[in-house]
Amino acid sequence: MKPRIVSENALTDSQLQIKDTVDRVLHEEAEAIMSFLPYSEKCIAAVEKIDAATGPLIVAGIGKSGHIAKKLASTFRSLGQLAIYLHPAEASHGDLGLVEDNSVVLALSNSGETTELSDLLQYCSTRDIPIISITSRADNTLGRASDICISYGDLREACHKGLAPTTSTTLSLAIGDAIAVSLSALRGKVEEDFRRFHPGGKLGARLTTVRDLMREGNEMPILSQDATLEEVVLKITEKSLGMVVFAEERKLLGVLTDGDLRRHIDKLRTAAPFDMATKEPVRVTADIFASEAASMMSLRGITACVVEDEVGQLIGVLHVHDCVRAGVA
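Residues numbered from 1 in each chain as written. Predicted model: local features only at pLDDT ≥ 70, side-chain atom pairs only at ≥ 80, totals over all residues. Heavy atoms only, no water.

Engineer: Could you clarify how one ought to interpret the packing of helix α1 (residues 13–36) against helix α7 (residues 167–186) in this entry?
Structural biologist: Between two packed helices, both the angle of their axes relative to each other and the distance between the axes serve to describe the pair. Taken N-terminus to C-terminus, the directions of α1 and α7 make an angle of 45 degrees; their axes are 9 Å apart at the nearest point. Between α1 and α7, the angle falls in the class oblique. At the point where α1 passes α7, the crossing takes the right-handed sense. In this structure, α1 uses E28, E29, A32, I33 and F36 to contact α7, whose residues at the interface are T167, T170, L171, A174 and I175. (Axes fitted to C-alpha atoms, helices over the stretch in contact; angles between N-to-C directions. Helix = DSSP H or I, 4+ residues; strand = E, 2+ residues; numbered from the N terminus. Parallel < 35°, antiparallel > 145°, perpendicular 65-115°, else oblique. Left-handed = near helix turned anticlockwise from the far one by under 90°. Contact = heavy atoms within 4.5 Å.)

Engineer: Just to check I follow, could you spell out the state of the cysteines for this structure?
Structural biologist: Where two cysteines share a covalent bond between their sulfur atoms, that bond is called a disulfide. The tally for this structure, following the rule as stated, stands at zero disulfides. With no disulfide of its own, C149 lies 11 Å from the sulfur of C43, the closest cysteine sulfur. Note on C323: no disulfide assigned, nearest cysteine sulfur contributed by C305 at a separation of 7.4 Å. With relative accessibility at 0%, the residue C323 sits in the buried group. (Disulfide = S-S within 2.5 Å. Buried < 20%, exposed > 50% of the residue type's maximum accessible area, 1.4 Å probe, protein only.)

Engineer: What is the right way to read the sheet that holds strand β9 (residues 283–285) from this model?
Structural biologist: Whenever strands of a sheet pair, they do so through backbone hydrogen bonds, lying parallel or antiparallel. Spatial strand order, β9-β10-β11: three strands in an open sheet with mixed pairing. Only two strands of the sheet have a single partner each, and these edge strands are β9 and β11 (314–319). On average, each strand axis in the sheet is tilted by 35 degrees relative to the strand beside it, whichever way the strands run. (Pairing = 2+ DSSP bridges.)

Engineer: Which parts of the structure should I look at to understand the pattern of salt bridges?
Structural biologist: If charged atoms from side chains of opposite charge come close, those side chains can pair. Evaluated as defined, the whole model comprises 15 salt bridges. Measuring nitrogen to oxygen at the nearest pair gives 2.9 Å for the salt bridge that ties R215 to D322. Of this pair, R215 sits in the loop between α10 (210–213) and β6 (222–223) while D322 sits in helix α14 (residues 320–325), placing them 107 residues apart in sequence. Using a relative accessible area of 9% as the deciding quantity, one classes D322 as buried. (Salt bridge = Lys/Arg side-chain N within 4 Å of Asp/Glu carboxyl O.)

In structure tokens, the structure reads:
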């Protein structure tokens, strides 16, 4: 049952109070992000430092900042940067071994006085491992220990008591996301790169290309143009694609489907199979999204199409059933 939409005038006093709180929190957290924009240049050095490093990015934080750090490490990984979340307390009990000499550490703490970070900061200092911090003030312990400090100033938390980390964690997350996306853009990452790290789910399906699904090599039902009817029927049966492709040295000559055979049943005894073939079949390139190819086949009322490279040579066959199995049709 869909929720009933009511006007503000119809809300009870309790509901109006809830709405006021919701609106206030959203406004305060959005305002915090917008207020940081004049200082966004602080992120440039961070992006450049991470880009120049050859080791993994270590993202550290504890408590609510730890949850944000875990999310940011995941975001960096999804955009192609090797990143590891490091729990500061576990770092003091052996996990400092995750920090390589060519790593960069990204540390999050609103107060900058988190005691659990001390061993990690000391470890980095003695080994000249760069530290980037996202914190409230550059003059706190974390800020002073950092090579690059991204400070956002004192914030009022959106919690009605001003205690629970809310505005500060939202802003830290936004700054971290901005750094991750900027790093990806700097490196020229594209959708294909992103898909490699998201092979599952709807996102992976949306970014699947024809190359990922096409049949190639021995999987293709290829015959020469002088093939007999018996050879055509055997090849259609063997490859289970409902078609054969006539080609010579990767040059496409035509396509004959089982539907063509049924439509030309009166000519089967007198005409050669190649004479019944479609000489200009639907062609696609391997680098387009499979969803585009599936839509094209649906519009044309066909179940398969041939795939050619940039110079027009045959390299594969795409069947709509493969698109359905991959969730793109």
